[in-house]
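Single-letter residue listing:
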Amino acid sequence: MKYLGICLLLADLLCQWLVQAEFFTSIGQMTDLIYKERDLVQSLKEYIREEEGRLEKIRSWASQIEDLTSKSSLDPEGFLAHPVNAYKLVKRLNTDWLSLENLVLQDSTKGFIANLTFQREFFPSDEDETGAAKALMRLQDTYKLDPDVIAKGILPGTKYVSSLSVDDCFGMGKIAYHESDHYHTVLWMQEALKLLDEGEKSATISKVDVLDYLSYTVFQLGDIQRAVELTRKLLAMDPNHDRAGTNLKYFEKMLEREKTEEKINKTSDTEPHKSRPDVYTRPQDYLPERETYEALCRGEGV
């Protein structure tokens, strides 16, 4: 028994060491990405400086020509009576405007694009982004965190506060959707919708985009009543949304069928299905040990 205890202790220490080694390897790789992004920002700022300098030259030249043409157009004949003015007009149109054209067409992006193209080889892929999102969802499940808590970025044990935008939450929901993870899709689409309702101005996606995913996903979870409600809300915002119109007809047909079946089974002991908006149960995991593992991570039990 004594030896068994020692073996278990060594196994536990080995497990911790392996996890820690993997963690630090990951942190090392992510640190490289931070420095690469910092270099890209510096390259971008250099491009902006060059572009601003070029635009300032164009702006200055345009201002000078505007002053000149405003005077010459008031008395064209008198203006051209001066031979120097006649010469300078010919010269401007033959030479100076050509120089301006070359300045306008000057490509000041070469340095930045070259650097970006080189660095892109080391960028994460779509697969990496999906993996990072799924890791965040695992953290969400393990510690039973609401999407709102994660979106606000105030997490225990972290040094910094880093919030998620509407677009970020929508991206999380899309990744879950493409993984056929309807449970997390609904959670993150609802969070995106909530942030939109709160008035976030920087979002590039609309409520129609979110409702399109959310309505179909709650249908997949069996909440037909709410799928109908969300689809009607979508169509109120965008009456010409073809897919939503087709979906609504199908959802309403399924809802009528469900109500008919409930009437038939009304006398049975089984209670009819009741929709609980915004509340869905996490699906059963294929690994029965996962709940125990998550409880241990939360510090519950020995």
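Provided above is the structure to which this section pertains.
Please read all numbers here as calculations on a predicted model, not as lab measurements.

So, how was this worked out
Residues numbered from 1 in each chain as written. Predicted model: local features only at pLDDT ≥ 70, side-chain atom pairs only at ≥ 80, totals over all residues. Heavy atoms only, no water. Helix = DSSP H or I, 4+ residues; strand = E, 2+ residues; numbered from the N terminus. Buried < 20%, exposed > 50% of the residue type's maximum accessible area, 1.4 Å probe, protein only. Contact = heavy atoms within 4.5 Å. Areas by Shrake-Rupley, 256 points an atom, 1.4 Å probe, with all protein chains shown as cover. Patch = residues over 30% accessible without salt bridge, like charges linked within 9 Å, V, L, I, M, F, W, Y side chains within 5 Å. Salt bridge = Lys/Arg side-chain N within 4 Å of Asp/Glu carboxyl O. Lys, Arg positive; Asp, Glu negative; His and termini not counted. Charge placed at Lys NZ, Arg CZ, Asp CG, Glu CD. Axes fitted to C-alpha atoms, helices over the stretch in contact; angles between N-to-C directions. Parallel < 35°, antiparallel > 145°, perpendicular 65-115°, else oblique. Left-handed = near helix turned anticlockwise from the far one by under 90°. Phe/Tyr/Trp six-rings, centres within 6.5 Å; stacked < 30°, edge-to-face > 60°.

Draft legend 1. Molecular detail of the overall build of the chain. Helices and strands together make up the secondary structure of the chain, namely 12 helices and zero strands. Among the 302 residues that make up the chain, the fraction classed as buried is 26%. Long-range contacts, defined as pairs at least 24 residues apart, comprise 64% of the intrachain contacts of the chain with a sequence gap of at least 6. Of the accessible surface of the chain, which amounts to about 21,700 Å², a share of 57% is contributed by carbon and sulfur atoms.

Draft legend 2. Main features of a negative patch on the surface. On the surface, a cluster of negative charge is made up of Asp-126, Glu-127, Asp-128 and Glu-129. Along the chain, Asp-126 turns up in helix H5 (residues 126-142).

Draft legend 3. A look at the packing of helix H9 (residues 207-220) against helix H10 (residues 224-237). Here H9 crosses H10 at 160 degrees, and the two axes come no closer than 8 Å. As summarised for this structure, H9 and H10 are arranged roughly antiparallel, according to the angle between their axes. In terms of crossing hand, the pair formed by H9 and H10 is left-handed. Along the contact surface, H9 presents Lys-207, Val-208, Leu-211, Asp-212, Leu-214, Ser-215, Val-218 and Phe-219, while H10 presents Ile-224, Arg-226, Ala-227, Leu-230, Thr-231, Lys-233, Leu-234 and Met-237.

Draft legend 4. Expanded view of the environment of Leu-100. Inspection of the secondary structure assignment puts Leu-100 in helix H3 (residues 83-105). Its relative accessible area of 13% is what places Leu-100 among the buried residues. The sequence separation of Leu-100 and Trp-61 amounts to 39 residues, and the corresponding C-alpha distance is 8.4 Å. In contact with Leu-100, not counting residues within four places along its chain, are Ile-58 and Trp-61.

Draft legend 5. A look at a nonpolar patch on the surface. Together, Leu-80, Leu-89, Leu-93 and Trp-97 make up an exposed nonpolar region whose accessible area comes to about 370 Å². It is H3 that provides the largest number of residues to the nonpolar patch, a total of three residues. Tracing the backbone through its elements, the reader meets Leu-80 in helix H2 (residues 76-80). Looking at Leu-80, the relative accessible area reads 40%, which means it is partly exposed.

Draft legend 6. Inspection of the packing of aromatic side chains at higher detail. Scanning the model with the defined rule gives nine aromatic pairs in all. For the pair Tyr-250 and Phe-251, a centre-to-centre distance of 6.4 Å together with 55 degrees between the ring planes defines the contact as tilted. A relative accessible area of 43% places Tyr-250 in the partly exposed class. Residue class for Phe-251 comes out buried when judged on its relative accessible area of 1%. A network of ring pairs unites the aromatic residues Tyr-216, Phe-219, Tyr-250 and Phe-251 as a single cluster.

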